[in-house]
Structures are given as C-alpha cells and as structure tokens.
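# Structure assessment
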Amino acid sequence: MRGDFSGNGTDEPTLWFIRVTFPAKSNSNTSSQLRSVPDTNSAFGSIRAIWILGESISDFQLNRFKNSEKNKGKVCNTGFWKYSRHPNYFFEWIIWVSFFVFCLSSDFGLLSIVSPLLMFIFLTIFTGVKITEKHILAIKGKEYEEYIQSTNAFFLWFTKEKI
C-alpha cells in the first residue's frame with residue numbers, strides 16, 4: 001500500500017483517525033437523534049473489504065504493467081487503470097468513506113463526513129492527482145495527454161470518447 005509515513009508499514013493519517021474515532025464510537029450510546037440509523041459495522045466491514053481489495057489489485061496491476069518489457073515507456077491503461085488514472089487514490093479515499101459510515105451510528109457521527117470530503121480535496125487538488133500527473137506528463141508526454149483526455153482522473157468510470 002502507499003502512504004507509509006511512519007516507516008513501520010502503517011498509514012499515519014488512517015491510524016490517527018482510528019485512534020480518535022474508535023474510542024468515541026465505543027463509548028457512545030445510541031443517540032436520540034440517530035436511533036433510526038442501523039448498526040454500521042457490516043457496512044464498515046464491506047467498504048473496508050472493497051478498499052483493501054481495490055487498492056491491492058490496482059497496485060498489483062500497475063506493478064505487473066511496469067515490470068513487463070513490452071510496456072517500457074507506455075502508460076498503464078488496463079484493469080482499473082482503464083477506468084481511472086488514479087484508482088489507488090480512489091481506493092485510498094474509500095477507506096475514509098468507510099470511517100464516515102462507521103461513525104454514523106455515533107453521537108455527532110454525521111460530522112465525520114468532513115474526513116472523506118477533506119481527503120477527496122487533498123487527493124484531487126492539493127497532492128495526489130495534481131502532483132503525480134505533473135510528473136507523469138513530464139515523462140510520458142503526448143501518450144499521457146491522450147490518456148487524460150479519455151480517462152477519468154479519480155473515480156472509476158467508463159472511458160470518454162477521444163475528441
């Protein structure tokens with residue numbers, strides 16, 4: 001996985017969020033305002049499974065593409081990379097969505113929507129996509145420009161028709 005900030009194989013922002021939200025989740029009783037919200041553990045687990053599978057598969061696909069001699073200098077546009085220029089960032093964002101879902105049944109759980117929104121902004125505007133694409137454009141040039149024209153930047157979606 002990407003994002004090893006601590007040097008020990010963990011993703012620091014994710015661990016921080018877990019440390020902050022899980023105690024609040026476990027200590028809170030059902031909110032009178034949110035009693036109709038069902039237990040979110042199943043949804044949380046399902047979304048986390050999508051995250052780990054999706055990010056692992058996209059990383060595997062990219063590594064396999066890069067390690068093939070026939071793909072030297074080419075742009076990876078197979079597998080998840082056919083539907084998103086940054087599927088690994090998309091799946092990283094999915095884990096933040098799962099934290100939001102997990103917190104929904106807690107008091108003030110709706111406030112946790114801030115986390116996936118901020119991560120989306122950081123991954124698409126300030127870091128992630130913007131910085132990575134500037135670097136890749138400098139290396140891959142015209143082929144990557146064409147890939148940008150036909151493939152969504154973040155969300156996995158169908159390819160666009162070339163203009």
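Parameters at a glance
- Residues numbered from 1 in each chain as written.
- Predicted model: local features only at pLDDT ≥ 70, side-chain atom pairs only at ≥ 80, totals over all residues.
- Heavy atoms only, no water.
- pLDDT = per-residue confidence, 0-100.
- Helix = DSSP H or I, 4+ residues; strand = E, 2+ residues; numbered from the N terminus.
- Contact = heavy atoms within 4.5 Å.
- Axes fitted to C-alpha atoms, helices over the stretch in contact; angles between N-to-C directions.
- Parallel < 35°, antiparallel > 145°, perpendicular 65-115°, else oblique.
- Nonpolar A, V, L, I, M, F, W, Y, C, P; charged D, E, K, R; others polar.

Below, the discussion takes up the confidence of the model for the protein. This prediction gives the protein a mean pLDDT of 82; 75% of its residues lie at or above 70. By mean pLDDT, helix H1 (residues 12-27) is the weakest element of the protein at 54, and helix H6 (residues 142-150) is the strongest at 94. Throughout residues 1-10 the model reports pLDDT below 50, and contacts reaching past four residues in sequence, or to other chains, amount to 21 contacts. Counting interchain partners and residues more than four positions distant, the pLDDT-below-50 stretch residues 23-36 has 17 contacts.

Close contact between helix H4 (residues 114-126) and helix H5 (residues 128-140) brings their axes to 3 Å; oriented N to C, the two are set at 20°. Here H4 is positioned roughly parallel relative to H5, judged by the angle of their axes. Listed contacts from H5 to Phe122, Leu123, Thr124, Ile125 and Phe126 of H4 are Gly128, Val129, Lys130 and Ile131. Residue composition of the contact of H4 with H5, grouped by class: six nonpolar, two polar and one charged.

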